[in-house]
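# Geometric and topological summary
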Number of protein chains: 2
Amino acid sequence: MKKKEIRLKCWIEIDDEKFFGPGPAQLLELIDEEGSIAKAAKRMKMSYKKAWDIIDDLNNRGQKPYVISRKGGDKGGGAEITENARALVLQYRKLMGKLNSIVEKDEATILKLL
Amino acid sequence: MKKKEIRLKCWIEIDDEKFFGPGPAQLLELIDEEGSIAKAAKRMKMSYKKAWDIIDDLNNRGQKPYVISRKGGDKGGGAEITENARALVLQYRKLMGKLNSIVEKDEATILKLL
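Criteria and cut-off values
- Residues numbered from 1 in each chain as written.
- Chains lettered and ligands numbered in written order.
- Predicted model: local features only at pLDDT ≥ 70, side-chain atom pairs only at ≥ 80, totals over all residues.
- Helix = DSSP H or I, 4+ residues; strand = E, 2+ residues; numbered from the N terminus.
- Rg over C-alpha atoms; globule rule 2.2 N^0.38 Å.
- Buried ≥ 20, exposed ≤ 12 C-beta atoms within 10 Å, placed from the backbone.
- Contact = placed C-beta atoms within 7 Å.
- Least-squares fit on C-alpha atoms with pLDDT ≥ 70 in both.
- Pairing = 2+ DSSP bridges.
- Axes fitted to C-alpha atoms, helices over the stretch in contact; angles between N-to-C directions.
- pLDDT = per-residue confidence, 0-100.
- Nonpolar A, V, L, I, M, F, W, Y, C, P; charged D, E, K, R; others polar.
- Expected span 1.5 Å × (residues − 1).
- Arc of directions from axis to C-beta.
- Parallel < 35°, antiparallel > 145°, perpendicular 65-115°, else oblique.
- Left-handed = near helix turned anticlockwise from the far one by under 90°.

## With respect to the overall build of chain A
- In terms of regular secondary structure, chain A is built from five helices and four strands.
- Ordering the α and β elements of chain A from the N terminus gives β-β-α-α-α-β-α-β-α.
- Here the C-alpha atoms of chain A give a radius of gyration of 17 Å, more than 25% beyond the 13 Å that 2.2 N^0.38 yields for 114 residues.
- If one aligns the C-alpha atoms of chain A with their principal axes, the spans along those axes are about 60 × 30 × 20 Å.
- The burial tally for chain A puts 26% of its 114 residues in the buried class.
- Taking contacts inside chain A between residues at least 6 apart in sequence as the whole, the part at least 24 apart equals 44%.

Laid out in structure tokens, this is it:
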């Protein structure tokens, strides 16, 4: 029996360049949970540098910051996400939930045609 | 003023490998319109070989054929898509339409947070 599935990806671009999607969303959620960029990166099996690159990109290209490092730097003082970041992640998850439920409804009908 | 947009991609995988998505959908639609694989490939600015590779993959990995070459080969006799292919493209377009309308509804709210 072959495994058949409909896949879906949704991301945000600014000036035709990827800005936000599943990776940054998960990273922000984990920073919120862990209070630390290092711990969040580790849970994503991502280097600390890679995590910082993503955060820098969000902070630089967005209008408001998304992640704030507390005093003592991340490893010392931890990090937190902003209200703006929290709202973005929430809206993105809501959108993904709606999109996934549409796909689930149509999936059986479509996969029958393969 | 920066251009911001939500992008969406939806595709079908069989055994974790891409099987159907925007490219094959457009190719099938153009074959249906043109009655010719060569003409369809040309309109997609795609080589004839690349178009055939896509069609072979669909025909081989799907349970039923999607494209049938008529007598004389494609260049002589033309090609047509099957009812199954027509149904798949239709369902895929319907699904994409629903997904896009969900994205459009949420887009302003989300892009405001960037």
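Still more ground to cover, so stick around.
## Thoughts on the relation of the copies chain A and chain B
- In screw terms, the move from chain A to chain B is a rotation of 180° and a rise of 0.0 Å along the axis, fitting with an RMSD of 0.0 Å. Both copies are brought into coincidence by an operation consistent with a two-fold rotation axis. For chain A, the residue whose C-alpha comes nearest the rotation axis is A:Lys9, separated from it by 2.6 Å.
- A shared interface surface links the copies, since 100% of the contact residues of chain A are contact residues in chain B too.

## Some words on the sheet that holds strand 2 (residues 17-20) of chain A
- In space, the four strands of this open sheet follow the order 2(A)-1(A)-1(B)-2(B), with antiparallel pairing throughout. Only two strands of the sheet have a single neighbouring strand rather than two, namely strand 2 of chain A together with strand 2 (17-20) of chain B. Taken pair by pair, the neighbouring strands of this sheet meet at an average axis angle of 60°, ignoring direction.
- The pairing of strand 1 (residues 4-14) of chain A with strand 2 of chain A spans three bridges and is classified as antiparallel.

## Observations regarding the pairing of strand 1 (residues 4-14) of chain B
- Across 11 bridges, strand 1 of chain A lies against strand 1 of chain B in antiparallel orientation. Paired with A:Lys9 across the strands is B:Lys9, a residue of strand 1 of chain B.
- Taken together, strand 1 of chain B and the strand that follows it, strand 2 of chain B, pair antiparallel across an intervening segment of two residues, in which B:Asp15 is found at a positive phi of about 50°.

## With respect to the confidence of the model for chain A
- Of all residues in chain A, 94% have pLDDT values of 70 or greater, and the mean over the chain is 93.
- Predicted complex, confidence summary: ipTM 0.89, pTM 0.88.

## Examining unusual backbone geometry
Residue and element names in this part refer to chain A.
- One non-glycine residue, aspartate 16, lies in the positive phi region at around 65°.
- If you trace the backbone, aspartate 16 turns up in the loop between strand 1 and strand 2.
- On the neighbour-count criterion, aspartate 16 (9 C-beta atoms within 10 Å) is exposed.

## Some thoughts on the interface of chain A and chain B
- Each side of the interface is counted separately: chain A has 32 residues, and chain B has 32 residues.
- Of all the elements in the fold, those that place two or more residues in the side of chain A that touches chain B are strand 1 and helix 5 (83-111) of chain A.
- For the side of chain A that touches chain B, the residue count by class is 16 nonpolar, five polar and 11 charged.

## Thoughts on helix 1 (residues 22-34) of chain B
All names here are of chain B.
- Over its 13 residues, helix 1 runs 18 Å from end to end, which matches the ideal 18 Å to within 8%, given 1.5 Å per residue.
- Of all the positions in helix 1, only Pro24, Leu27, Leu28, Leu30 and Ile31 are classed as buried. Looking straight down helix 1, one finds its buried side chains confined to an arc of 165°; they lie on one side. Facing away from the buried side of helix 1 by more than 90 degrees, the exposed set consists of Pro22 and Glu33.

## Focus: the packing of helix 1 of chain B against helix 5 (residues 83-111) of chain B
All names here are of chain B.
- Between helix 1 and helix 5, the least distance of the axes is 10 Å, while the angle of their chain directions is 125°. Taken together, the axes of helix 1 and helix 5 lie oblique to each other. The hand of the helix 1/helix 5 crossing is left-handed. Within the contact between the two elements, helix 1 uses Ala25, Leu28, Glu29 and Asp32 and helix 5 uses Ala85, Arg86, Val89 and Tyr92.

## Topic: the environment of A:Arg43
- Structurally, the position occupied by A:Arg43 is in helix 2 (residues 37-43).
- Distance from A:Arg43 to A:Ile31, taken between C-alpha atoms, is 9.9 Å for residues 12 residues apart in sequence.

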